[in-house]
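Structural characterization, general
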Amino acid sequence: MTDETLDDPRYEKYREAGDILSTVMNEASERVEVGASQLEVAEFAEERIRELGGECAFPVNISVDEEASHATPARDDDTEFGEEMVCLDVGVHVDGWIADAATTIDLTDTPDLVAAAEEALDAAVDTIAAGVHTGEVGRAIEDAVRGRGYTPILNLSGHGVDQYDAHTGPSVPNRGVDTGIELEVGDVLAVEPFATTGQGKVGEGNDAQIYELSGSGGRSVRNRQARQLLEDIEADFGQLPFAVRWLDDDRAEMLLRRLERQGVVEGHPVLKEDDGVLVSQAEHTLIVTEDGCEVTTEGIF
Ligand code: MN
Ligand code: MN
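Everything numeric in this text was worked out from a predicted model, so none of it was measured.

**Here's the deal with the sheet that holds strand β5 (residues 151-152)**
- Judged by pairing direction, the sheet is antiparallel, and its three strands sit side by side in the order β5-β9-β13 without closing on themselves. Looking at which strands have only one partner, the edges of the open sheet turn out to be β5 and β13 (279-281).
- The strands that helix α3 (residues 113-127) touches are β9 (194-196) and β13; relative to β13, the one it contacts most, it runs at about 35°.

Here you go:
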């Protein structure tokens, strides 16, 4: 494939989603301060996405300190930001074409932890081009993070995005490994290095506030309320992840657990490092070109 691949109209939608995301991220970041409400920041960002002509590709993620991913405020959540390491991860789509980006706001004064993730992302962007192996990108990320004296999170990866698909191949590791996978012109990737003061490995917490329809499992749900909720989810979110607080039903959490036991939906528990550890993240979405890449969310950093 050549750069002519990039004439496909889908790439204009990817760029539009990226522009919306950049604007929203900058506005939302300014609202992150000690004492501000997490829920207000998340809802502000989600409303702005729609005002600007986009849709949420997934709930706004707000991860603090040892949390790395899949954290979003619950319904009526009154949690305020403290002196914390705050990762904002936002997804926008336009007609299903997705932009996914993250930035970290340091309310702790930890030297260079944010820089470690941002420099790793820059190094990845500089490395990416058609024909480059994903493991070379991971090597650039790992070297940059370790160069700042921190550890990359090794069991989280970047990923491809596709229409109405927020996580698809190819996987982009945050470490130098031989994947055997070569990037191609037109691949759209979300590249997301994490830097941590911890061991570089996240595990699952207990609480899930983000769910999505599961690929497996039939759709024969006998409980009437659960079946109604499932129909609403299919109509409103399709295959994209959604927040429990987006569901207009006080029993949503209980019904989702019922649907999860039947294999119809899947919860995404918070992914986190050990207690007392800090995590930073930087993420862009980009389009692979013949001799480099085009970042669709470049307005953020
Ligand atoms: Mn993301
Ligand atoms: Mn991502």
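**As for the coordination of the manganese ion (ligand 1)**
- Around the manganese ion (ligand 1), the donor atoms from the protein are Asp89 (OD), Asp89 (OD), Asp100 (OD) and Glu283 (OE), and they sit 2.1 to 2.3 Å away.
- In primary sequence terms, the donor set of the manganese ion (ligand 1) follows D-x10-D-x182-E.
- The manganese ion (ligand 2) is placed at 3.1 Å from the manganese ion (ligand 1), the two being bridged by Asp100. Placement of the pair is Asp89 in strand β3 (residues 85-94) and Glu283 in the loop between β13 and β14 (284-289), with a sequence separation of 194 residues.
- Residue class for Asp89 comes out buried when judged on its relative accessible area of 6%.
- Take Glu283: its relative accessible area is 0%, and that puts it in the buried class.

**Observations concerning the coordination of the manganese ion (ligand 2)**
- Here the manganese ion (ligand 2) is held by the protein donor atoms Asp100 (OD), His159 (NE2), Glu192 (OE) and Glu283 (OE), which lie 2.2 Å from it.
- Sequence positions of the donors to the manganese ion (ligand 2) reduce to the motif D-x58-H-x32-E-x90-E.

**Overview of the domain arrangement of the protein chain**
- Domains assigned within the protein chain are domain 1 (3-204 + 274-295) and domain 2 (210-267).
- Contact with domain 1, which involves 20 residues of that partner, is made by 12 residues of domain 2.
- When the two sides are added together, the surface that domain 1 and domain 2 hide from each other amounts to roughly 1,100 Å², 61% of it contributed by carbon and sulfur.
- Broken down residue by residue, the surface that domain 1 buries against domain 2 is led by Pro59, Arg75 and Tyr164, which jointly contribute 49%.

**With respect to helix α6 (residues 252-261)**
- By the burial criterion, the buried members of α6 are Ala252, Leu255, Leu256 and Leu259. The arc that holds the buried residues of α6, viewed along the axis, is 100°, so those residues lie on one side.
- Along its buried surface, α6 packs onto β10 (203-213), α5 (224-237), β11 (242-243) and β12 (265-272).
- Gly263 sits one or two positions beyond α6 and adopts a positive phi of about 75°.

**Quick look at the pattern of salt bridges**
- For the structure shown, the criterion picks out 13 salt bridges.
- Residues joined by salt bridges that share partners form a network here, namely Arg139, Glu142, Asp143 and Arg146.

**Structural notes on the environment of Lys13**
- Within the secondary structure, Lys13 is located in helix α1 (residues 10-30).
- On the basis of relative accessible area, Lys13 is assigned to the partly exposed category, the value being 28%.
- Spatially, the C-alpha atoms of Lys13 and Val202 are 33 Å apart, while their sequence positions differ by 189 residues.
- Once residues within four sequence positions are removed from consideration, Lys13 is found in contact with Val94, Asp95 and Trp97.

Analysis parameters
- Residues numbered from 1 in each chain as written.
- Chains lettered and ligands numbered in written order.
- Predicted model: local features only at pLDDT ≥ 70, side-chain atom pairs only at ≥ 80, totals over all residues.
- Heavy atoms only, no water.
- Pairing = 2+ DSSP bridges.
- Helix = DSSP H or I, 4+ residues; strand = E, 2+ residues; numbered from the N terminus.
- Contact = heavy atoms within 4.5 Å.
- Axes fitted to C-alpha atoms, helices over the stretch in contact; angles between N-to-C directions.
- Donors = N, O, S within 2.8 Å, 3.2 Å for Na, K, Ca; no water.
- Buried < 20%, exposed > 50% of the residue type's maximum accessible area, 1.4 Å probe, protein only.
- Domains from an automatic or database assignment.
- Buried area = accessible area lost by both parts, 1.4 Å probe.
- Arc of directions from axis to C-beta.
- Salt bridge = Lys/Arg side-chain N within 4 Å of Asp/Glu carboxyl O.

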